Amino acid sequence: MIEPSPSPLPRYAPFLLAAFAFGALAYACRGGLPGVPVADDYLFLAHQSRAGFDWLGTHGSDWYWRPLSRQLYFGALGARMVEQPLLAAGVHVALLAVTFAALWSFARRMLGAAGAVVLASAPLLMEPARVLVAWPSAVQHLLPLAAVSCALAAAASSRAALAWLAMLAAVGGHENALLVLPVIALLLWRARGAARWSDAIAPVAIAAAWGAGRLASYSHGAGVPPISGAPGPAELLAAARYSLAAFASLEDLALLPAAAVLAGYTLVAALVLLGPRTVAPGAARAALVALAVWALATAPLAIFLPEWNSWRNTLGSLALAYVLATLAAAGGMRVALLVVAVRAAALVAAPAPSPLPGSIAPPTETHISYARLTRMQRTLTGARAALAGTAARTEPLRVRHWNLPRLTEFGFAGPRALQVWSRDPAAAFAKYGEEDGMLDTAATVLAFDPDRAPFAVALTPAAQCRLFAATRAVAEGAAAGDSALALVLEAQSPPATRLTSVVLLNRVALNLQLGRITRADSLHALSRETAWVEQWLRDEVRVALALRDTARVKAALAEAVVRLPDDEGARRAARAFGVPVAERR
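For the structure given in this document, a descriptive report is provided here. (Residues numbered from 1 in each chain as written. Predicted model: local features only at pLDDT ≥ 70, side-chain atom pairs only at ≥ 80, totals over all residues. Heavy atoms only, no water.)

## Some details on the overall build of the protein
- Per the secondary structure count, the protein includes 26 helices and 4 strands.
- Looking at the 585 residues of the protein, the share that counts as buried comes to 53%.
- For the protein, the proportion of contacts with a sequence separation of at least 24, taken over those separated by at least 6, is 73%.
- For the protein, the accessible surface area stands at approximately 26,000 Å², while carbon and sulfur atoms represent 64% of it.
- Mean positive and mean negative side-chain charge positions of the protein (50 and 37 charges, respectively) differ by 8 Å. (Helix = DSSP H or I, 4+ residues; strand = E, 2+ residues; numbered from the N terminus. Buried < 20%, exposed > 50% of the residue type's maximum accessible area, 1.4 Å probe, protein only. Contact = heavy atoms within 4.5 Å. Areas by Shrake-Rupley, 256 points an atom, 1.4 Å probe, with all protein chains shown as cover. Lys, Arg positive; Asp, Glu negative; His and termini not counted. Charge placed at Lys NZ, Arg CZ, Asp CG, Glu CD.)

Rendered as structure tokens:
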């Protein structure tokens, strides 16, 4: 529809573009753990190990029937992805390569060389692609993307059988692909120059086959997520805004990079509007169809707000990419290359995840950005490494977690991650602490300190027993408790930061209670490297008060006001000692 003349691009152009786009994506994925199973992956892997294939079930999940992206994918890779995570990541990269090649072929026919440059690279040059590569369960969105791209390419070249076969695979991966069935029929009609009955029957047959399978899946445990009600206009607009921001890779960018990216898109729009344009009459109609597909794919996601996950909207992003490619094609190759440059810059500017899980939890429970995905993957990798050198103490296996990084428990899928790792379907995963948890001295205990490496350490049985004995000794008296706590760390190897901090902090409190101020001060100094900042600063004030060191008290309160700006108790104490306290905004 645009630029029907032969392209001036050399034959190696798509390979050069693919290398550039994959390189940008690889750089954006730096610091991640591509392919490491986490969360839903263990629902499917645990079910696979227990029940094998059940084509009409949900394969361990509560919702949806997606036989190709669950049963086939996880059945083919199986538990090998746990030992060889790059296997899953390699499959996902291959699916992205198929997507690139298919979109290049499709866009060359529909949009010409300039449009092909933008459309083929678009799925690679967006921030959500990081999750699509890194998370095995994201195949539920990536497989339909690749299959729909193949169907578009086949339909544009009038290969109907291949197009409908690809659409059958897409629908088997994710139900959203049903939206594209009419588009494939229209493309085949245009490619042939006339409509055929098969173009009307095939999409109906595919939709009917999916519907029959979906109905049958109800008797195999499939369900529909609870929905509070239809989203209103505000939610629909918010979903559209989130979708546009994700497609432009603006979700996680800092202010200055985001402004630079927006300026780049503004320049693209100006060049298209002010420059000479060659647009065939059908181009605008095709872009409107793409916008309709985007709206229909994005609207259902409004029910998940504020738990927005941009990687869910891959088909909507593909539709937006077609619109963007149409505009770029109208502006010519220079505009197309500028679009690719802007998108690549936005992608590589996305922040890399932290090398440690960290104590700060994400803002919502189920939002899975690339950073949060990596945080969960690191937590599970650390837990598995800590367990690897520990002999199982119970049968079935019981593991308790102590100070698990907030909102990473979702990554373990309950006890299923442990069940897959240990090949023990009865393995249990529970919290450590309180009276009942500490009584279970036969369980393996994983102590976490997400801000330090190694952040997961298995406690020795002797250390567990001594810690439990120390809690009872504290109840008998401060002196007995301090003596018992002094023996705990001797029984732990390798050192566990969480255990060390708890022991030292409690010994500081007990020695202050006993009036042993000098010993409390020395223990407090040792605890600085392991204790969490809030407790350490409180103890610093308490120790300084016991020593009657007013200057030290003021210094501790001044530090507390800066490092704990939301601690009203620290702010009140600072004012009481005449320490300047800035007003909160």
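Anyway, onward from the coordinates.
## Quick notes on the pairing of strand S3 (residues 444–448)
- When you tally the buried positions in S3, you get 5 out of 5 residues, the bulk of the element.
- Judged by which residues are buried, S3 turns out to be covered on both faces: Thr444, Leu446 and Phe448 on one side and Val445 and Ala447 on the other are all buried.
- Across 3 bridges, S3 lies against strand S4 (residues 456–458) in antiparallel orientation. Paired with Leu446 across the strands is Ala458, a residue of S4. (Pairing = 2+ DSSP bridges.)

## Examining the packing of aromatic side chains
- Enumeration over the complete set of coordinates arrives at 10 aromatic pairs.
- Ring geometry for Phe44 versus Phe74: centroids 4.9 Å apart, planes at 50°, classification tilted. One end of the pair, Phe44, is in helix H2 (residues 40–51); the other, Phe74, is in helix H3 (residues 68–77), and 30 residues separate them in sequence.
- Owing to a relative accessible area of 1%, Phe44 belongs among the buried residues under this scheme. (Phe/Tyr/Trp six-rings, centres within 6.5 Å; stacked < 30°, edge-to-face > 60°.)

## Quick look at the pattern of salt bridges
- Scanning the entire structure with this criterion turns up 15 salt bridges.
- Arg384 is paired through a salt bridge with Glu83; the nearest N and O atoms lie 2.5 Å apart. One end of the pair, Arg384, is in helix H17 (residues 370–388); the other, Glu83, is in helix H4 (residues 80–83), with 301 residues separating them in the sequence.
- Across the pair Arg542 and Asp539 runs a salt bridge whose closest N-O atoms are separated by 3.2 Å. Taken as a pair, Arg542 and Asp539 lie in helix H24 (residues 533–546) at a separation of 3 residues, close to a single helical turn. (Salt bridge = Lys/Arg side-chain N within 4 Å of Asp/Glu carboxyl O.)

## Remarks on a nonpolar patch on the surface
- There is a patch of nonpolar side chains on the surface, built from Leu215, Tyr218, Val224, Ile227 and Ile303 and spanning about 470 Å² of accessible area.
- Here Leu215 shows up in helix H11 (residues 197–218).
- Using a relative accessible area of 61% as the deciding quantity, one classes Leu215 as exposed. (Patch = residues over 30% accessible without salt bridge, like charges linked within 9 Å, V, L, I, M, F, W, Y side chains within 5 Å.)

## Describing the nonpolar core
- Judged by nonpolar contacts, the single largest core of 129 residues is most densely connected at Trp164, Met167, Ile184 and Trp421.
- Looking at this core, the element that brings in the most residues is helix H8 (residues 139–156), giving 13 residues.
- Beyond its immediate sequence surroundings of up to four residues, Ile184 is in contact with Ala151, Leu152, Ala155, Ala163, Trp164 and Met167.
- Grouped together as the second largest cluster of nonpolar side chains are 22 residues, Ala447, Leu467, Ala496 and Val503 included. (Core = buried A, V, L, I, M, F, W, Y, C linked by side-chain atoms within 4.5 Å.)

## Quick look at the sheet that holds S4
- Pairing is mixed across the open sheet formed by 4 strands, whose spatial order is S2-S1-S3-S4. The sheet is open, and its two borders are formed by strand S2 (428–431) and S4, each paired with just one other strand. Between one strand axis and the next, the sheet turns by 25° as a mean value, whatever way the strands run.
- Here strand S1 (residues 398–402) pairs with S2 via 4 bridges, running parallel. (Axes fitted to C-alpha atoms, helices over the stretch in contact; angles between N-to-C directions.)

## Considerations on the side chain of Thr298
- Relative to the assigned elements, Thr298 resides in helix H14 (residues 281–298).
- A distance of 3.0 Å separates polar atoms of two side chains, one belonging to Thr298 and the other to Asn313.
- Beyond its immediate chain neighbours, meaning those up to four positions away, Thr298 contacts Ala239, Ala240, Ser243 and Asn313. (Polar contact = N/O pair within 3.5 Å; in protein donor to acceptor, adjacent residues only side chain to side chain.)

## A look at the environment of Leu315
- By the secondary structure assignment, Leu315 is in helix H15 (residues 314–331).
- Residue Leu315 is classed as buried on the basis of its relative accessible area, which comes to 8%.
- Separated by 166 residues in sequence, Leu315 and Ser149 place their C-alpha atoms 9.7 Å apart.
- With near-sequence residues (within four places) excluded, Leu315 lies in contact with Pro144, Leu145, Val148, Asn176, Ala177 and Val180.

## Focus on H17
- Between the first and last C-alpha of H17 there are 26 Å, a value that for 19 residues agrees with the 27 Å anticipated at 1.5 Å per step.
- For H17, the buried fraction is high: 14 of the 19 residues fall into the buried class. (Expected span 1.5 Å × (residues − 1).)

## Remarks on the packing of helix H9 (residues 160–173) against H11
- At a minimum axis distance of 10 Å, the contact between H9 and H11 shows a crossing angle of 20°. In terms of axis orientation, H9 runs roughly parallel to H11. Note that H9 runs across H11; the crossing there is right-handed. Together, Trp164, Met167, Leu168 and Val171 of H9 and Ser198, Asp199, Ala202, Pro203, Ile206 and Trp210 of H11 make up the contact between the two elements. (Parallel < 35°, antiparallel > 145°, perpendicular 65-115°, else oblique. Left-handed = near helix turned anticlockwise from the far one by under 90°.)

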